[in-house]
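# An overview of the molecular structure
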Amino acid sequence: MSRHFAVFFWLGLAFGASPENIAGRMRALHVPGVSIAVMEGGKIAWTAGYGDKVNPQTLFQAASISKPVAAMAALLMAQNGNFTLDEDVNAKLKTWKVPDGKVTLRMLLSHSAGMTVHGFPGYEVDAPLPTLLQILDGGKPSNSAPVRVDIEPGSKWRYSGGGFTVVQQLMMDRMGWAFPEILQRMVLGRIGMRRSTYEQPLPEGMRENAATGHDRNGNPIKGRWHVYPEMAAAGLWTTPTDLAL
């Protein structure tokens, strides 16, 4: 995880901390920019941006915070009768099937489906992008292993970005829409998250005020960021203010 991801969600440092303390931590951790939203009594109390070219409207890659937002859409779809939490997802998957066992949506969302692939490294902005089916089966140009069941579903908790990629395919199969459209209609638009999107790559019109990723030494990432076709697992671009909603 690049350092700007980690600090973006490090909201705890804001409470009782002066801007000078935040700036000091940024220097110590080689972090060029931080965006913060603070909530009090269930409402946004204040927002701020610190460092180079960061303000409360600056977009950041949300990394694995993409998962609970995607899960909200999946749960709404279950509530609306598109599938149930405890049926075999293969009953509703059309374009791909889980090959190695009965897996339910409840298991996938709770990281207890016994599925492989912990996380995804993403793709450089000029690299060929795989389809979701290529990612699920580990086919080129995918840079991750196939998503498979290798322990008994429901037997233990084990973090799996691969499992959330199965959820992404399930939601797309049921709705017949692109994944960013599903999330826009079911979560982002309803909540009022106007500075958020699951579109990958990031649309041209949103790039100017988007944070550049940096490594642990503070060096910019080639191409500014990576692209994540594994949208449910890692594809959300957002701001702390939008997340606070």
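Residues numbered from 1 in each chain as written. Predicted model: local features only at pLDDT ≥ 70, side-chain atom pairs only at ≥ 80, totals over all residues. Heavy atoms only, no water.

### A short note on the pairing of strand S1 (residues 33-40)
Buried residues dominate S1, accounting for six of its eight residues. Pairing geometry for S1 and strand S2 (residues 43-51), over eight bridges, is antiparallel. Paired with Val 38 across the bridge in S2 is Trp 46. Here S1 folds back onto S2 in antiparallel fashion, the turn holding two residues, of which Gly 41 has a positive phi close to 60°. (Buried < 20%, exposed > 50% of the residue type's maximum accessible area, 1.4 Å probe, protein only. Helix = DSSP H or I, 4+ residues; strand = E, 2+ residues; numbered from the N terminus. Pairing = 2+ DSSP bridges.)

### Description of the environment of Gly 42
Positionally, Gly 42 belongs in the loop between S1 and S2. Taking the relative accessible area as the measure of exposure, Gly 42 reaches 63% and is therefore exposed. The spatial distance from the C-alpha of Gly 42 to the C-alpha of Ala 244 is 8.9 Å, given a sequence separation of 202 residues.

### A few points about the pattern of salt bridges
A full pass over the atoms with the stated rule returns seven salt bridges. Ionic pairing is found between Glu 87 and Lys 92, a salt bridge with its closest N-O pair at 3.1 Å. (Salt bridge = Lys/Arg side-chain N within 4 Å of Asp/Glu carboxyl O.)

### Brief notes about the packing of helix H3 (residues 66-79) against helix H6 (residues 161-175)
At a closest axis distance of 11 Å, the pairing of H3 and H6 adopts a crossing angle of 40°. As far as their axial angle goes, H6 and H3 are oblique. H6 is crossed by H3, and the crossing has left-handed handedness. Contacts between H3 and H6 involve Lys 67, Ala 70, Ala 71, Ala 73, Ala 74 and Met 77 from the first element and Gly 161, Phe 164, Val 167, Met 171, Arg 174 and Met 175 from the second. Residue composition of the contact of H3 with H6, grouped by class: nine nonpolar, one polar and two charged. (Axes fitted to C-alpha atoms, helices over the stretch in contact; angles between N-to-C directions. Parallel < 35°, antiparallel > 145°, perpendicular 65-115°, else oblique. Left-handed = near helix turned anticlockwise from the far one by under 90°. Contact = heavy atoms within 4.5 Å. Nonpolar A, V, L, I, M, F, W, Y, C, P; charged D, E, K, R; others polar.)

### A look at H6
Under the 1.5 Å per step criterion, the end-to-end length of H6 is 21 Å for 15 residues, consistent within 8% with the ideal 21 Å. Phi turns positive, to about 75°, at Gly 176, one or two residues after H6. (Expected span 1.5 Å × (residues − 1).)

### What about helix H7 (residues 179-191)?
With 13 residues, H7 extends 17 Å from end C-alpha to end C-alpha; this agrees with the ideal 18 Å at 1.5 Å per step. Largest kink in H7: about 45°, centred on Arg 185. Listing the buried residues of H7 in full gives Phe 179, Pro 180, Ile 182, Leu 183, Met 186, Val 187 and Leu 188. Taken together, the buried residues of H7 touch H3, H6 and helix H8 (231-234). (Bend = angle between axes of the 7 residues up to and from the residue.)

### What about the packing of aromatic side chains?
Enumeration according to the criterion identifies three aromatic pairs in this entry. Between Phe 179 and Tyr 198, the aromatic rings sit 5.5 Å apart at their centres with planes inclined by 85°, giving edge-to-face as the arrangement. Placement of the pair is Phe 179 in helix H7 and Tyr 198 in the loop between H7 and strand S5 (226-227), with a sequence separation of 19 residues. For the pair Trp 225 and Trp 237, a centre-to-centre distance of 5.0 Å together with 80° between the ring planes defines the contact as edge-to-face. In this pair, Trp 225 is assigned in the loop between H7 and S5 and Trp 237 in strand S6 (residues 237-238), connecting sequence segments twelve residues apart. In this pair, the class of Trp 225 matches that of Trp 237, namely buried. (Phe/Tyr/Trp six-rings, centres within 6.5 Å; stacked < 30°, edge-to-face > 60°.)

### Looking at the environment of Glu 204
Mapping Glu 204 onto the fold places it in the loop between H7 and S5. For the pair formed by Glu 204 and Gln 168, sequence separation is 36 residues and the distance between their alpha carbons is 24 Å. Within the structure, Glu 204 has its side chain in polar contact with the side chain of Arg 207 (distance 3.0 Å). (Polar contact = N/O pair within 3.5 Å; in protein donor to acceptor, adjacent residues only side chain to side chain.)

### Some words on unusual backbone geometry
Pro 141 follows Lys 140 through a cis peptide bond whose omega is 5°. Relative to the assigned elements, Pro 141 resides in the loop between helix H5 (132-137) and H6. The residue after Gln 200, namely Pro 201, is reached through a cis peptide bond having omega 0°. With phi around 55°, His 111 is a residue other than glycine that occupies positive phi space. On the basis of relative accessible area, His 111 is assigned to the buried category, the value being 11%.

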